[in-house]
Each structure stands twice: as structure tokens, then as C-alpha cells.
Amino acid sequence: MLHALVRHSHFLSEVFRVKYSILTNNPMVSDKFSSSHEVLFCDTSAKEILGKASEMIAEGDTILNHPLYGSVKPNETPYRTILLKKKGDPSFTQITKEESAELIVKALRAYEKFTDKKGQIPPEVLKDYQVVDLALASSAVESADR
Amino acid sequence: MRLEIGKINITDIRFADSSKIEKGVLYVNPDDLKPVVLEDEHLKDVTFDIAKPGESVRITPVKDVIEPRVKVEGKGGVFPGMIAKVDTVGSGKTLALKGMAVVTAGKIVGFQEGIIDMTGPGAEYTPFSKTLNLVMVCEPVEDLKQHDYEKAVRMAGFRVATKIGELAKDLQADETCVYETCGIKEGIEKYPDLPRVGYVSMLQTQGLLHDTYVYGVDAKQIIPTIISPTEVMDGAIVSGNCVSACDKNPTYIHQNNPVVEDMFAEHGKSFNFVCQIITNENVYLADKERSSNMTAKLCKMLDLDAVIVTQEGFGNPDTDLIMNCKKIEAEGVKTVIVTDEYAGRDGKSQSLADADPAADAVVTGGNANEVIILPKLDKVIGMLDYVNVIAGASDKTLREDGTLEVEIQVITGATNEMGFGYLSAR
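It should be emphasised that the depicted structure is a prediction, and the values quoted were computed from it without experimental measurement. (Residues numbered from 1 in each chain as written. Chains lettered and ligands numbered in written order. Predicted model: local features only at pLDDT ≥ 70, side-chain atom pairs only at ≥ 80, totals over all residues. Heavy atoms only, no water.)

Asks: Help me out: how do you make sense of the overall build of chain A in this one?
Replies: Within chain A, the secondary structure is distributed over four helices and five strands. Secondary structure elements of chain A occur, N-terminal to C-terminal, as β-β-α-β-α-β-β-α-α. In chain A, which comprises 146 residues, the proportion classed as buried is 59%. For chain A, contacts bridging at least 24 residues in sequence account for 75% of all contacts bridging at least 6. In the structure as shown, chain A presents an accessible area of about 6300 Å², 56% of it carried by carbon and sulfur atoms. (Helix = DSSP H or I, 4+ residues; strand = E, 2+ residues; numbered from the N terminus. Buried < 20%, exposed > 50% of the residue type's maximum accessible area, 1.4 Å probe, protein only. Contact = heavy atoms within 4.5 Å. Areas by Shrake-Rupley, 256 points an atom, 1.4 Å probe, with all protein chains shown as cover.)

Asks: How should the interface of chain B and chain A be read in this particular structure?
Replies: Where interface size is quoted, it is often the accessible area lost as the parts come together. Every contact between the two is made by 50 residues of chain B and, on the other side, 39 residues of chain A. Of all residues in chain B, the largest losses of buried area upon contact with chain A belong to Phe111(B), Tyr284(B) and Leu285(B), amounting jointly to 21% of the total for that side. At the boundary of chain B with chain A, the tally comes to one salt bridge. Here Asp354(B) makes a salt bridge to Lys106(A), at a shortest N to O gap of 2.8 Å. (Buried area = accessible area lost by both parts, 1.4 Å probe. Salt bridge = Lys/Arg side-chain N within 4 Å of Asp/Glu carboxyl O.)

Asks: Is there a simple way to think about the pattern of salt bridges in this case?
Replies: Close approach of charged atoms allows side chains with opposite charge to pair. All names here are of chain B. For the structure on display, the rule yields 29 salt bridges over all chains. For Asp-12, the salt bridge identified is with Lys-52, shortest N-O distance 2.8 Å. One end of the pair, Asp-12, is in strand S2 (residues 12–15); the other, Lys-52, is in the loop between strand S5 (43–51) and strand S6 (57–60), and 40 residues separate them in sequence. Residue class for Asp-12 comes out buried when judged on its relative accessible area of 14%. The class for Lys-52 is partly exposed, based on a relative accessible area of 22%. Here Glu-67 ties to Lys-98 by a salt bridge, and the two come within 3.1 Å at their closest N and O atoms. Here Lys-98 lies in strand S9 (residues 92–98) and Glu-67 lies in the loop between strand S7 (62–66) and strand S8 (69–73), a separation of 31 residues in the sequence. Lys-98 matches Glu-67 in its accessibility class, with the two residues each being buried. What you see here is one network of salt bridges that share partners, running through Arg-2, Glu-4, Lys-93 and Glu-180.

Asks: In this structure, what is going on with the side chain of Ser100(A)? I would like to understand it.
Replies: Tracing the sequence through the fold places Ser100(A) in helix H3 (residues 97–111). Contacts of Ser100(A), omitting those with residues within four sequence positions, involve Ile57(A), Thr62(A), Ile63(A) and Ile95(A).

Asks: Help me understand the pairing of strand S14 (residues 196–204) of chain B, please; the structure alone is not making it clear to me.
Replies: Successive side chains on a regular strand alternate, one facing one side of the sheet and the next facing the other. All names here are of chain B. The element S14 is largely enclosed, with a buried count of nine among its nine residues. Going residue by residue along S14, you find Arg-196, Gly-198, Val-200, Met-202 and Gln-204 tucked away on one face and Val-197, Tyr-199, Ser-201 and Leu-203 tucked away on the opposite face as well. Here S14 runs beside strand S19 (residues 272–281); their pairing, made up of eight bridges, is parallel. The partner of Gln-204 across the bridge, within S19, is Glu-281. As judged from the five bridges shared by S14 and strand S20 (residues 306–310), these two strands associate in the parallel manner. (Pairing = 2+ DSSP bridges.)

Asks: Honestly, the state of the cysteines in this entry has me stumped. Any pointers?
Replies: Linking two cysteines covalently through their sulfur atoms gives a disulfide. Residue and element names in this part refer to chain B. Summed over the entire model, instances satisfying the criterion amount to zero disulfides over all chains. The thiol sulfur of Cys-182 is not disulfide-bonded, and the nearest other cysteine sulfur, from Cys-275, lies at 11 Å. Taking relative accessible area as the criterion, Cys-182 reaches 16% and is therefore assigned buried. Sulfur of Cys-275: no disulfide; nearest cysteine sulfur belongs to Cys-299 and is 8.0 Å away. (Disulfide = S-S within 2.5 Å.)

Asks: What's the story with the layout of surface pockets in this structure? I'm lost.
Replies: Empty pockets left among the atoms are what a rolling probe the size of a water molecule brings to light. All names here are of chain B. In this structure, the largest pocket encloses a volume near 1100 Å³. If you go around the largest pocket, you meet 47 residues; those closest to its centre are Pro-258, Met-418, Gly-419, Phe-420 and Gly-421. Here the lining of the largest pocket gets seven residues from one element, more than from any other, and that element is helix H7 (residues 258–266). Here the residues of the lining of the largest pocket are counted per class, giving 22 nonpolar, 16 polar and nine charged. (1 Å grid on protein atoms, 1.4 Å probe; cavity = no way out; pocket = protein on both sides within 12 Å on 5 of 7 lines; lining within 4 Å. Points joined across faces, edges and corners; volume = space filled by probe spheres on them. Nonpolar A, V, L, I, M, F, W, Y, C, P; charged D, E, K, R; others polar.)

So far we have only geometry, and geometry alone does not tell us how the molecule works.
So this is what it looks like as C-alpha cells:
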């Protein structure tokens with residue numbers, strides 16, 4: 001079972017235009033945003049992050065960034081960061097719960113087409129994947145917060 | 001806008017004591033170029049190498065490919081907003097060094113893709129096996145962050161290409177092509193009976209290693225706009241994209257966009273080529289909606305009858321592609337989309353991450369998951385250190401005999417979504 005570690009910081013959440021949480025398995029994303037945003041850090045695989053996002057969508061959250069973001073291919077990068085708009089947030093909703101769920105299903109299907117590189121990636125390259133994932137996640141956070 | 005492209009055919013590149021172009025031969029003194037690269041404090045060294053078609057050479061990992069050009073008449077200079085001032089370019093005369101390219105190579109991040117083989121089966125898949133390549137591998141200062149390294153190498157490539165382009169400024173062109181676009185009213189009056197056709201160019205804009213710049217602006221910040229294709233020929237759009245080797249658009253492909261080339265060839269004959277519309281591919285879903293809405297609206301406002309839409313990259317850009325297609329078609333404008341496929345190694349999987357019945361006219365650049373064996377070559381420019389972890393590779397990639405078993409997605413330009421390549425199903 002996934003264990004989500006909620007890293008606090010609700011104090012700023014009131015001022016956000018969109019109330020959302022950042023679901024990630026990337027420690028760099030967690031380090032950067034946990035003092036300003038609600039970060040759900042799960043020490044798990046990228047594919048399982050999508051599974052966790054799916055569960056949150058079933059509960060009523062909707063997705064804010066595309067789950068296949070980045071041209072770093074599924075299964076190539078071990079990291080994934082998903083922004084989920086909280087159920088009940090009054091700001092405009094770009095896509096519905098059903099559309100969010102469909103995007104995740106399509107993303108999971110894409111994972112089947114790429115070789116899983118789990119365990120083959122040297123530590124210094126893992127850091128590079130974290131940096132790129134952080135940059136792509138930051139680009140989504142920037143859009144969400146403006 | 002009217003732009004003349006004067007072509008200077010380069011038939012050989014040689015290292016020499018002085019840098020010049022003489023009788024089609026580019027002579028390069030690396031000592032002339034080194035200071036141009038090292039004026040950026042983030043770079044501590046650079047090595048130059050030459051790779052020619054047919055040689056047993058592999059260049060990897062490739063970052064960008066750039067065609068040297070120089071503006072000799074008209075406003076501005078090449079790469080406006082990056083190298084030259086932000087004057088509006090695309091008019092007057094520009095000289096282009098044909099048959100050659102500046103290639104920036106070297107590891108920005110450990111998983112960076114991009115292979116150019118100058119010979120063998122891999123060479124068939126990359127258009128840059130046919131160019132004489134001046135390759136530069138930049139070495140960063142200690143502990144340089146990936147963002148700064150990417151920018152330093154990107155800009156160094158443009159500076160070197162500009163410096164080489166300037167060697168041609170007093171030369172006579174071997175051949176001249178004229179590209180001319182009409183104003184809206186002029187086009188309607190001149191070609192009243194021809195369909196009005198536009199070109200929608202989607203730019204990769206997701207973040208680090210996935211960026212494109214328009215007149216120096218990070219294109220993820222733009223809303224879709226109209227541009228003259230001749231501006232792009234002068235370097236108004238440049239690539240900051242390091243990943244997705246097979247279906248990214250290096251700067252060279254923007255400069256020599258084959259869709260634009262073919263549309264100009266038909267301009268005033270079978271249709272009126274009205275303009276190029278540029279849009280982005282952001283990671284945030286609301287950005288995707290906004291950009292595709294604006295793109296469709298522009299097509300409608302310009303009274304277009306049809307557009308060709310080209311994509312860059314795979315995965316979430318498929319969503320942008322389909323959103324563009326659906327919304328443009330809903331405005332009554334016909335679309336043809338150009339993409340590539342990730343259909344699995346056996347070709348049996350769903351090709352795109354998104355689809356819609358409106359996408360009923362599709363051109364493909366090929367299946368990026370197709371497997372190829374690349375032979376061991378005599379020389380590697382760059383490094384093969386991480387070849388097992390790049391996209392399209394696996395722990396079985398580097399085989400005992402030195403050959404590489406990879407998917408064609410590792411090859412620069414293999415499934416280019418502007419159709420910049422030599423392979424077809426015909």
C-alpha cells in the first residue's frame with residue numbers, strides 16, 4: 001500500500017488561486033515546494049504515482065498537468081510529479097474528473113510501450129532525471145500559481 | 001515579405017591556419033572559434049572536430065544542429081533576440097552555407113539522446129549524415145547547473161554558426177531562391193480562386209531541455225501568433241531542445257523547414273500560402289486549452305480553408321496536436337496533421353497518446369520504437385558512456401562486439417515531424 005507523507009505548509013495555501021496538491025516521488029520537487037505548497041511525497045515508482053493520482057481522482061480531485069509531460073519517456077525517467085486540484089476548490093476547472101481519469105489511463109497505456117529501466121540507472125544520472133522532472137513540474141506550478 | 005536566400009555550396013571543411021571560404025571549401029582555424037565559445041564564463045574548454053558523409057564516425061549525444069547564415073541585405077541579423085538585435089527579420093537577402101552544419105554535442109544530462117552516424121544503416125535515418133559537420137563539444141566549468149550548461153552550449157552554437165556565416169558575407173551565391181509572402185488583402189486580390197492555406201507549427205515548450213525560443217522569448221510564455229516563414233529562415237525560431245532526438249526540431253530544421261519549402265513551391269499555383277502560425281506545447285492543461293483555442297481562432301480569423309499542422313515531440317504534445325486538429329476542424333478549416341508514432345517494437349500498439357475522428361488526414365514520420373542494429377564505428381565524437389540508459393536503449397544496447405541494439409528514436413531526426421528526412425514508404 002502506498003504510504004503518502006504529507007509535508008505540511010497549509011499556511012500559504014489560502015492565497016493560491018487554485019488549491020492543489022503536488023503528488024511526487026521526486027525528492028527534489030518535495031524539497032523545493034514543501035515549504036510553500038502541499039506536497040504528497042510517495043517513495044514509489046512513477047507508474048505507482050499515476051495509480052495514486054487515479055485514486056485521488058476517484059475521490060474527486062482533477063488533474064492540472066498532463067501526466068505524460070516531458071519528452072523523457074515513460075519508464076525511462078523514474079520520476080513523476082502530478083498536480084491535482086482539490087475537490088471543492090471554487091476556481092475554474094479545466095477538465096472534469098472523468099477526463100482526468102481518462103488521461104491517466106492513456107498515460108499508463110503509454111508506459112507499456114517503453115522498456116522499464118528500473119535499477120539500471122547510475123546514481124549521477126538519477127540526479128539529472130530529478131532536475132529535469134523538477135524543471136517540468138516547476139513550469140506547471142508556475143502556470144497554476146499565476 | 002520578400003526574402004532571397006543565396007546558397008553558398010560547401011563541398012569540404014578543413015582545419016587550417018586561417019578561417020575563410022574559398023572555392024566552396026570552408027577552412028576553419030579552431031583558434032579563431034575557441035574565444036567565441038569561451039567568452040561564456042560557464043564554459044572552460046571546447047574541442048572542434050569534422051565529420052564527413054561516409055566516414056566511420058558516430059556523433060553523440062547531439063544537442064543542436066545549426067546552419068550558418070549571414071544577413072547581407074535588409075533589416076536585422078540572424079538569430080534575432082539571441083545573437084542579433086530584435087529587429088524584425090525575414091526581408092532582404094540572406095546567405096546560407098549549404099551542405100554543412102554546426103553540430104553541438106556532449107552530455108548536458110546523463111540521459112541525453114541523439115546519435116548521428118556518418119555511415120552504415122543509422123546514417124540512412126538521420127538527415128545530418130549527409131552534411132559536412134563541424135562538431136563542437138563544450139566542457140563546462142565545475143559544478144555548473146544543467147540549466148546554465150544547456151544555455152551556454154545553446155548560445156555557443158549560435159555564436160559559432162554566426163561567426164562561420166560571416167565568412168560568406170562578401171561571396172557570390174551559387175544559387176538564389178526567392179520566398180515571398182503576400183499581405184492578407186493582396187493575397188485575396190492576387191489569388192481570388194485559390195484556397196487559402198496556412199501552416200501551424202507546434203513548438204516544444206515544456207521546460208528544461210524541452211524549450212524553443214522565438215525572437216529570444218521562451219515560447220512557453222507566448223500565446224499563438226502569426227509569423228512570416230521568412231522570419232524563421234533568418235533564425236527567428238531556435239531550438240533549446242535536448243531530448244526526443246528523433247522527433248525534435250533542431251534549429252537547422254526550423255531554418256530549412258520542408259513544409260514551408262513545399263508550401264512555397266505551391267504558393268500561387270494550387271493554393272495561397274497565407275502564413276505560418278506558431279503555437280506551443282506546455283505541460284499545464286489550461287495552457288494547452290488556451291493555446292489550441294487561440295490557434296483555432298487565428299485560423300478562423302484569417303479565413304483559412306485548410307492548414308497543415310506539425311508537431312514536435314511525443315506524449316503530451318499528442319494532446320496538443322489533437323486539440324489543435326479538433327478545434328481547427330470545428331471552425332470549418334480542414335487539417336492535415338504531421339506526427340510520428342510510438343507503436344511499440346512490434347508496431348501493434350496505439351501510435352499516439354491521443355486521437356480523435358477529426359484527425360482523418362495524418363502523415364507519419366515513422367515508428368520511433370522500431371529496432372535497429374548500429375555497427376561499431378571507428379571514431380566517436382562525444383561520448384557513449386550512458387548509451388544504455390537513453391530512451392530507446394536498454395541494458396542490452398551495447399553488445400559485446402561493440403554494436404548497438406537500439407530503437408530508431410535515439411537517432412537525431414529519424415522520425416522528424418516536419419518530414420525532414422530521406423526515408424519514405426514509397
